[in-house]
Amino acid sequence: MNIVIENISKHYGSFAAIDRVSLEIRSGSLVALLGPSGSGKSTLLRLIAGLETPDTGKIAIADEDATHKNVQERNIGFVFQHYALFKHLTVRQNIAFGLEIRKALKSRTKAKVEQLLELVQLKGMGDRYPSQLSGGQRQRVALARALAVEPRVLLLDEPFGALDAKVRKELRTWLRHLHDEVHVTTVFVTHDQEEAMEISDEIVVMNQGKVEQIGTPSQIYDRPATPFVMSFIGPVNILPGSSRLFCDNKFERVPPKIFLRPHDIVVTTQIKEATASARVSRLIHLGWQIRAELALDDGQVINAILPRERFDQLNLKPQQQVYLKPKDIKSFPHSYSV
């Protein structure tokens, strides 16, 4: 089921939580609403769900105007960050709750619950209570409960935010596999860039109630549309355009700021043409890669990422003199001073 949002706005007093947002979510896709706290992503999710009413604009689900329909009429599955499970009900009863409210046949409810227990990898745990489950298992129950009523759209509000890093990583891989099985249109909110990049088909980057860019993970990372997207998605060095590191780059007009990914810096120990000198301030070992903090001659400190093999070849040491050359730099026309 596709979702079309046209010129939606939502204010709380004088504060614009959502400011004239338009986007289309394709049927069967998994889309991330990504942004910092206060960017409007959760408000947008609640507007899609019908938990909030927009001040202006239109929301269509499956080509039907849903702007003023209530939650029940939209047939939306919603999963919150903190599970919202019924503590006094078993796993099986939690999953069956929505079906029982809709007065589904008992035979259908029983079959659906067993099917979902297997789908979310909780077979044999149906008689347990939420307090007897781990955080990751509770979140799977919450997802199963949302899927039980066969929603047209599944909405997830920071579904893994309350979990530790290891469980979060396991669950997001599982969610991607689950989505590929059920193919329900899914929108999830996150502030975790890696999470959005790993599991979504498309990412909607939000900032201050507006959409900064919509695209696939590779489009967002490799071709950022704005300085905000460049600096929010992945690590980046931001330097003045006059920096000596860019001495061989011919700009028609030198921009005030240049954006450079840490993995787009070539580090050598031999002086070469069109390189800038720097000194190794610190080396941070991150397993298969090394992050080097490098101090340029003008005092600016930047980060470079080196694969383990390249680091071993260079045999870098703290305070060592090195030479740098950027492979790929970005600037943005609207970052020029007017």
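What you see is a predicted model, and the numbers here were worked out from it, not measured in a lab. (Residues numbered from 1 in each chain as written. Predicted model: local features only at pLDDT ≥ 70, side-chain atom pairs only at ≥ 80, totals over all residues. Heavy atoms only, no water.)

J.: So what's going on with the side chain of Q139? Residues and values would help.
T.: Mapped onto the elements, Q139 comes out in helix α5 (residues 135–148). Looking at Q139, its side chain comes within polar contact range of the main-chain oxygen of P159, at 2.2 Å. (Helix = DSSP H or I, 4+ residues; strand = E, 2+ residues; numbered from the N terminus. Polar contact = N/O pair within 3.5 Å; in protein donor to acceptor, adjacent residues only side chain to side chain.)

J.: So, the sheet that holds strand β11 (residues 237–240): which residues are in play, and what are the values?
T.: Taken together, the 3 strands give an open sheet; going across it, the order is β11-β12-β18, and neighbouring strands pair in antiparallel fashion. Each edge of the open sheet carries a strand with a single partner, namely β11 and β18 (329–330). (Pairing = 2+ DSSP bridges.)

J.: Go over the pattern of salt bridges, please, and point to the residues and values.
T.: Scanning all chains against the criterion turns up 19 salt bridges. Between E114 and R92 there is a salt bridge, and its shortest N-O distance comes to 2.8 Å. With E114 in helix α4 (residues 106–119) and R92 in helix α3 (residues 91–101), this pair connects stretches of sequence that are 22 residues apart. The exposure class of R92 is partly exposed, given its relative accessible area of 28%. Residue R172 is joined to E198 by a salt bridge in which the shortest nitrogen-to-oxygen separation is 2.9 Å. Here E198 lies in helix α7 (residues 193–199) and R172 lies in helix α6 (residues 165–182), a separation of 26 residues in the sequence. For R172, a relative accessible area of 4% translates into the label buried. Look at the salt bridges and you will find they share partners, linking K169, R172, D192, E194 and E198 into a network. (Salt bridge = Lys/Arg side-chain N within 4 Å of Asp/Glu carboxyl O. Buried < 20%, exposed > 50% of the residue type's maximum accessible area, 1.4 Å probe, protein only.)

J.: Can you break down the sheet that holds strand β2 (residues 15–25) residue by residue, with the values?
T.: Here 4 strands make up an open sheet; going across it, the order is β2-β1-β4-β5 and the pairing antiparallel. Either end of the sheet is taken by a strand with one partner, and the two such strands are β2 and β5 (64–65). Here strand β1 (residues 3–12) pairs with strand β4 (residues 56–61) via 5 bridges, running antiparallel. Bridging from a neighbouring strand, S9 pairs with T56 of β4. Sheet strands touched by helix α1 (residues 41–49): β1, β2 and β4. Its angle to β1, the strand with the most contacts, is close to 120°. (Contact = heavy atoms within 4.5 Å. Axes fitted to C-alpha atoms, helices over the stretch in contact; angles between N-to-C directions.)

J.: A description of the packing of α3 against α4 should follow, citing residues and the corresponding values.
T.: Following both chains from N to C, one finds α3 and α4 inclined at 125°, their axes separated by 9 Å at the closest point. In this view, α3 runs oblique relative to α4, as classed from their interaxial angle. Between α3 and α4 the crossing geometry is right-handed. Facing α3, whose interface residues are V91, R92, I95, A96 and L99, α4 presents R108, T109, K112, V113, E114, L116 and L117. Among the residues making up the contact of α3 with α4, the classes are represented as 7 nonpolar, 1 polar and 4 charged. (Parallel < 35°, antiparallel > 145°, perpendicular 65-115°, else oblique. Left-handed = near helix turned anticlockwise from the far one by under 90°. Nonpolar A, V, L, I, M, F, W, Y, C, P; charged D, E, K, R; others polar.)

J.: Could you give an account of the environment of R310, with specific residues and numbers?
T.: With respect to the helices and strands, the residue R310 is situated in helix α10 (residues 308–314). C-alpha separation for the pair R310 and G38, spaced 272 residues apart in sequence, amounts to 40 Å. With residues near it in sequence (within four places) discarded, R310 still touches V267 and T268.

J.: For the packing of aromatic side chains, give the residues involved together with the corresponding values.
T.: Summed over all chains, the structure comprises 4 aromatic pairs. Between F86 and F97, the ring centres sit 4.7 Å apart and the planes meet at 50°, which makes this aromatic pair tilted. On the criterion of sequence distance, the pair formed by F86 in the loop between β6 (76–79) and α3 and F97 in helix α3 is long-range, its members being 11 residues apart. Arranged with centres 5.4 Å apart and planes meeting at 10°, the rings of F228 and F232 form a pair that is stacked. Taken together, the positions of F228 and F232, both in helix α9 (residues 227–232) and 4 residues apart, correspond to about one turn of that helix. Each member of the pair, F228 as well as F232, carries the same accessibility label: buried. Positioned above the aromatic ring of W174, the side-chain terminus of R140 is 4.9 Å from the ring centre. The aromatic ring of Y221 is capped on one face by R261, whose charged end is 4.2 Å from the ring centroid. (Phe/Tyr/Trp six-rings, centres within 6.5 Å; stacked < 30°, edge-to-face > 60°. Lys NZ or Arg CZ within 6 Å of the ring centre and 35° of its normal.)

J.: Which residues make up α5, and what values do they have?
T.: For an α-helix the count is 3.6 residues per turn, leaving residues at separations of three or four pointing the same way. For α5, built from 14 residues, the straight-helix expectation of 20 Å at 1.5 Å per residue is met to within 8% by its first-to-last C-alpha distance of 20 Å. Immediately downstream of α5, the backbone of E150 shows phi near 50°, a positive value. (Expected span 1.5 Å × (residues − 1).)

J.: Before we move on, could you go through the nonpolar core and cite the residues and values that matter?
T.: Residues I95, L154 and L175 are the most contacted members of the largest nonpolar core, which totals 43 residues. The biggest single contributor to this core is α5, with 7 residues. Setting aside residues up to four positions removed in sequence, I95 forms contacts with V113, L116, L117, V141, A144, R145 and A148. (Core = buried A, V, L, I, M, F, W, Y, C linked by side-chain atoms within 4.5 Å.)

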